Amino acid sequence: MRLLTGVGKILTLMDPDNKRSMQAETLFAQIVSELKNSAVFFGHGVASAEEEALLLLSHVLTRNPDWINRNPQTPVDAEQAQRIRALLQRRLDQRVPMSYVTGTAWFAGLEFVADERALVPRSPFAELIGKGFQPWLGNDRPERVLDLCTGGGCIAIAMAKAFPAARVDAVDLSPEALSLAEINRDKHDLSDRLMLIQSDLFDAVTGRYDLIVSNPPYVSKDEYQQLPAEYRHEPGLGLVSDGQGLQIPLTILAQAADYLSEGGLLFLEVGHSDQALEAALPAVPLTWVLFEHGGSGVCVFSREELLNYRHEFNRV
Ligand SMILES: C[S@@+](CC[C@H](N)C(=O)[O-])C[C@H]1O[C@@H](n2cnc3c(N)ncnc32)[C@H](O)[C@@H]1O
C-alpha cells in the first residue's frame, strides 16, 4: 500500500500525553486532515495536503518521501510525533510554506536545503531539465551553462547533474540567496564546476554560454499584494518586478544574445505573465514550452531570434 493512493481512516488529533508509538499512515491521515481543514495555500513546490504530509513525515523520520510512501507502517515514536505536531502548528498558524518549516525542498528529484533566503523551488524547469531540454537541444551537449537569478541554486544544480561535463555559472543579486546556493552546491558536491556569481543580471557576467536558463522575478506589484500569506515568507526580491512584472524579463531578453554562443539558447520563465509578455511584444513570435507535469510560461529563444527582435525588447 502507498500513502498517496490509500489515505487511511482519519482519526481524532493525537493526544500529546500519549506515549505509545503509532504508524506513519495514522499520522499521515491526521496531518492531511488538519491541512485540508485549514486556510493554507498549496503551491510552494508541494502541490497538495498529501504531498505536504509526506514531506513533513519524511523530514522528521529522516527518510526520503518515496520511502515513507512505500512504508506506511513505519513506527513513529512519541517524541517524533511531538515534533511533527509542533512543525505542523507553525505551518497552520503562521502560513509558513512547508519547505521552510522542514528546511527541505525536492526539485528535479534532488533534495535541497530551503529557507527564507530564497524562493521555495517549484519551477517547471525541473521537467525540462529531466528531459535534457529535448527536443530543443537535439544531440548538442552544452559545455557552458548559465542560471540567471539562481536563488538557492536548484536549477543550476539540477542542470549540473543533467550535464555532467558542463561548467555551470549561477547568478543572483542577493548575497543571502547565494549563501543558500553555496550550501546546496556543497551538499551536491559541485564546487569544482558550479560557480556562484553576485551580479545584477548580466552586469558581472563574462563570456558566452551554450544554454542560459532564467526564472527571474515576474510578479507585478499589484499582483504581489493579492498573493496568499505564504508568499510573504519569501523574499520580495525574488518575486516582484517593475513594469507590470515585465521589466526584468524584458531586460534579460534585450541582453541575453551578447552572452550566448553561436547556436545558443535562452529559456526564460515568466509564469502567469505569459499573456502580458505576448501583449507587450505583438511583433515577436514567442515559442512556449509545453509541460506534461504542470506549469507553463516558459519561452525559448535562439541567439538569432534575440538579435532579430532586440529593438522590440528595448522598445517596451
Ligand atoms: C523567482 S526567483 C528564482 C529562484 C530559483 N531560480 C528558482 O527557480 O527557485 C528569482 C531570483 O532572482 C533574484 N534576482 C532578483 N533581481 C535580480 C537581479 N537584478 N539580478 C540578479 N538576480 C536577481 C532574486 O534574488 C531571486 O533569487
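As the structure is a prediction and not an experimental result, all values here were calculated from the model.

*Asks:* Quick question: what am I supposed to make of the overall build of the chain here?
*Replies:* On a plain count of helices and strands, the chain comes out with 13 helices and 10 strands. Its C-alpha atoms give the chain a radius of gyration of 21 Å, near enough to 20 Å, the size a compact globule of 316 residues would have. Seen through its principal axes, the chain has C-alpha atoms that stretch 70 × 40 × 35 Å. Counting only residues that meet the buried cut, the chain has 42% of its 316 residues in that class. Contacts in the chain between residues at least 24 apart in sequence constitute 66% of all its contacts with a sequence separation of at least 6.

*Asks:* Explain the site of the ligand here, please?
*Replies:* Cys149, Gly151, Leu173, Ser174 and Gly238 are the nearest of the 21 residues found near the ligand. Elements that contribute at least two residues to the shell around the ligand include exactly helix H7 (154-162) and strand S6 (167-172). Residues belonging to the shell around the ligand are distributed by class as follows: 13 nonpolar, 6 polar and 2 charged.

*Asks:* Can you walk me through the nonpolar core in this structure?
*Replies:* Soluble, globular proteins show a tendency: their nonpolar side chains are buried together. Core analysis: the largest hydrophobic core is formed by 87 residues, its most contacted members being Leu57, Met159 and Ile212. The greatest single-element share of this core, amounting to 8 residues, is contributed by helix H2 (residues 49-61). Each of domain 1 (22-102) and domain 2 (117-315) accounts for three or more of the residues forming this core. Not counting chain neighbours up to four residues away, the residues in contact with isoleucine 212 comprise Leu146, Leu148, Ala256, Tyr259, Leu260 and Leu266.

*Asks:* Even after reading the chapter, I still don't get the sheet that holds strand S8 (residues 209-214), so can you show me in this structure?
*Replies:* Within a beta sheet, neighbouring strands are joined by backbone hydrogen bonds and run either parallel or antiparallel to one another. A sheet is described by the order of its strands in space; here 6 strands give the open sequence S7-S6-S5-S8-S9-S10, paired in mixed fashion. Of all the strands in the sheet, the pair left with one neighbour each is strand S7 (194-198) and strand S10 (298-302). Geometrically, the sheet is characterised by an average inter-axis angle of 15 degrees between neighbouring strands, direction not taken into account. In this sheet, S10 lies alongside strand S9 (residues 260-269) in antiparallel orientation, the contact comprising 5 bridges.

*Asks:* Help me out: how do you make sense of helix H1 (residues 24-36) in this one?
*Replies:* A turn of α-helix holds 3.6 residues, and therefore any two residues three or four places apart point the same way. If you check H1, its first and last C-alpha atoms are 18 Å apart, about what 13 residues at 1.5 Å a residue would give, namely 18 Å. Three or more residues of H1 are buried, namely Ala24, Glu25, Leu27, Phe28, Gln30, Ile31, Val32, Glu34 and Leu35. Along its buried surface, H1 packs onto strand S1 (22-23), H2, helix H3 (65-70), strand S2 (75-76) and helix H4 (78-94).

*Asks:* I would appreciate a short explanation of the pairing of S8 in the present structure.
*Replies:* Successive residues of a regular strand alternate their side chains across the two faces of the sheet. Of all 6 residues in S8, 6 are buried; the element is thus mostly enclosed. In this structure, S8 lies alongside S9, joined through 5 bridges in parallel fashion. Considered in S9, the bridge of tyrosine 209 is made with leucine 260.

*Asks:* For this particular structure, what's the right way to read unusual backbone geometry?
*Replies:* Excluding glycine, residues mostly have negative phi values, and the peptide bonds linking residues are mostly trans. Here the residue pair glutamine 134 and proline 135 is connected by a cis peptide bond, since its omega of 5 degrees sits within 30 degrees of zero. Relative to the helices and strands, proline 135 is located in the loop between helix H6 (125-130) and strand S5 (144-148). Phi at alanine 108 is positive, roughly 55 degrees, even though this residue is not glycine. With respect to the element layout, alanine 108 can be found in the loop between strand S3 (104-107) and strand S4 (110-113). One non-glycine residue, glutamine 244, adopts positive backbone phi at about 55 degrees. Counting through the fold element by element, glutamine 244 comes out in the loop between helix H9 (221-226) and helix H10 (247-255). On the neighbour-count criterion, glutamine 244 (17 C-beta atoms within 10 Å) is partly exposed.

*Asks:* So what exactly am I meant to see when it comes to the confidence of the model for the chain here?
*Replies:* If pLDDT is low for a region, its predicted coordinates should not be looked at in detail. A residue-level look at the chain finds 94% of positions with pLDDT of 70 or above and a mean pLDDT of 94. Contacts for the low-pLDDT stretch residues 5-16, under 50 throughout, to residues beyond four places or in other chains number 21 contacts.

*Asks:* How should the environment of cysteine 299 be read in this particular structure?
*Replies:* As for its position among the elements, cysteine 299 is in strand S10. Here cysteine 299 falls in the buried class, since 20 other C-beta atoms lie within 10 Å of it. Taking C-alpha positions, cysteine 299 is 7.9 Å from valine 270, a pair spaced 29 residues apart along the chain. Setting aside its immediate chain neighbours within four residues, cysteine 299 contacts Leu268, Leu286, Thr287 and Trp288.

*Asks:* Explanation requested: the domain arrangement of the chain in the structure shown.
*Replies:* Accessible area lost upon the coming together of the parts serves often as the stated size of an interface. Domain assignment breaks the chain into domain 1 (22-102) and domain 2 (117-315). For domain 1 versus domain 2, the separation of C-alpha centres amounts to 31 Å. Taken together, the contact between domain 1 and domain 2 spans 8 residues of the former and 7 residues of the latter. For the side of domain 1 that touches domain 2, the class distribution of residues is 4 nonpolar, 3 polar and 1 charged.

What counts, and at which threshold
- Residues numbered from 1 in each chain as written.
- Predicted model: local features only at pLDDT ≥ 70, side-chain atom pairs only at ≥ 80, totals over all residues.
- Helix = DSSP H or I, 4+ residues; strand = E, 2+ residues; numbered from the N terminus.
- Rg over C-alpha atoms; globule rule 2.2 N^0.38 Å.
- Buried ≥ 20, exposed ≤ 12 C-beta atoms within 10 Å, placed from the backbone.
- Contact = placed C-beta atoms within 7 Å.
- Near = placed C-beta within 6 Å.
- Nonpolar A, V, L, I, M, F, W, Y, C, P; charged D, E, K, R; others polar.
- Core = buried A, V, L, I, M, F, W, Y, C linked by C-beta atoms within 7 Å.
- Domains from an automatic or database assignment.
- Pairing = 2+ DSSP bridges.
- Axes fitted to C-alpha atoms, helices over the stretch in contact; angles between N-to-C directions.
- Expected span 1.5 Å × (residues − 1).
- pLDDT = per-residue confidence, 0-100.

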